[in-house]
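Now for the letters of each chain:
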Amino acid sequence: MGSEDIKGWNEQVRRLADSLPRSAETKFGFSCQCGCGTVVPLTSRNFDANGAWADGHKPAVSDLAMGSGAVGETEPPPARLERGEELS
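Residues numbered from 1 in each chain as written. Predicted model: local features only at pLDDT ≥ 70, side-chain atom pairs only at ≥ 80, totals over all residues. Heavy atoms only, no water.

J.: What is the right way to look at the nonpolar core in this model?
T.: Side chains that are nonpolar tend, in soluble globular proteins, to be buried together. Judged by nonpolar contacts, Val 13, Ala 17, Phe 28, Phe 30, Cys 32, Val 40, Leu 42, Phe 47, Ala 52, Trp 53 and Ala 54 together constitute the single largest core of 11 residues. Elements that contribute at least two residues to this core include exactly helix H1 (3-19), strand E1 (27-31) and strand E2 (39-43). Excluding anything up to four places from it in sequence, Ala 54 contacts Cys 32, Thr 38 and Val 40. (Core = buried A, V, L, I, M, F, W, Y, C linked by side-chain atoms within 4.5 Å. Buried < 20%, exposed > 50% of the residue type's maximum accessible area, 1.4 Å probe, protein only. Helix = DSSP H or I, 4+ residues; strand = E, 2+ residues; numbered from the N terminus. Contact = heavy atoms within 4.5 Å.)

J.: How should the pattern of salt bridges be read in this particular structure?
T.: Pairing of side chains with opposite charge becomes possible as their charged atoms draw close. On inspection of all chains with the given rule, the structure shows 2 salt bridges. With its nearest N and O atoms 2.3 Å apart, the salt bridge here joins Asp 18 to Arg 14. Of this pair, Asp 18 and Arg 14 are both found in helix H1, 4 residues apart, which corresponds to roughly one turn of the helix. We classify Arg 14 as buried; its relative accessible area is 17%. Asp 48 is paired through a salt bridge with Arg 14; the nearest N and O atoms lie 2.7 Å apart. (Salt bridge = Lys/Arg side-chain N within 4 Å of Asp/Glu carboxyl O.)

J.: How should the state of the cysteines be read in this particular structure?
T.: Put plainly, two cysteines are in a disulfide when a covalent bond ties their sulfur atoms together. In total, this model carries 0 disulfides according to the counting rule given. Cys 34 forms no disulfide, and the closest cysteine sulfur to it belongs to Cys 32, at a distance of 3.5 Å. This cysteine, Cys 36, is not joined by any disulfide, and Cys 34 carries the nearest cysteine sulfur, 3.6 Å off. Among the residues examined, Cys 36 registers a relative accessible area of 40% and is labelled partly exposed. (Disulfide = S-S within 2.5 Å.)

J.: Would you explain the confidence of the model for the chain in this entry?
T.: Any segment with low pLDDT has predicted coordinates that should not be analysed in fine detail. Residue-level pLDDT values for the chain average 79, and 68% of them are 70 or greater. Here residues 69-77 is modelled with pLDDT under 50, and outside its nearest four sequence neighbours on either side it reaches 10 contacts, counting other chains as well. (pLDDT = per-residue confidence, 0-100.)

J.: What am I meant to see in the packing of aromatic side chains here?
T.: Overall, the coordinates contain 1 aromatic pair when judged by the stated rule. Aromatic side chains Phe 30 and Phe 47 sit 4.2 Å apart centroid to centroid with 5° between the ring planes, which places their arrangement in the stacked category. A residue pair is termed long-range when its members are at least 10 positions apart, and Phe 30 in strand E1 and Phe 47 in helix H2 (residues 44-50) qualify at 17 residues. Judged by relative accessible area, Phe 47 falls into the buried class, the value being 15%. (Phe/Tyr/Trp six-rings, centres within 6.5 Å; stacked < 30°, edge-to-face > 60°.)

J.: Explain the side chain of Gln 33 here, please?
T.: You can see Gln 33 is positioned in the loop between E1 and E2. From its side chain, Gln 33 meets the backbone nitrogen of Ala 52 in a polar contact 2.5 Å long. (Polar contact = N/O pair within 3.5 Å; in protein donor to acceptor, adjacent residues only side chain to side chain.)

This is the structure in structure tokens:
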């Protein structure tokens, strides 16, 4: 499932939550935003505050700023070369 699919799914779940009475106290099955497919049970209030991340799956802010840990990203960041090393 790609990041746009996950975003779309979670938006549909959020709209459903808005349409139901007492949704602030009810947990709904949001999809983990890392793309792993884990269902994350959250209230709509918790989803709005923190997004949908399974335990240990939310990237650090510094990782997002550097481009690693983004939703749907599957490759690690490139290795750094030391002075005098060549690309192989």
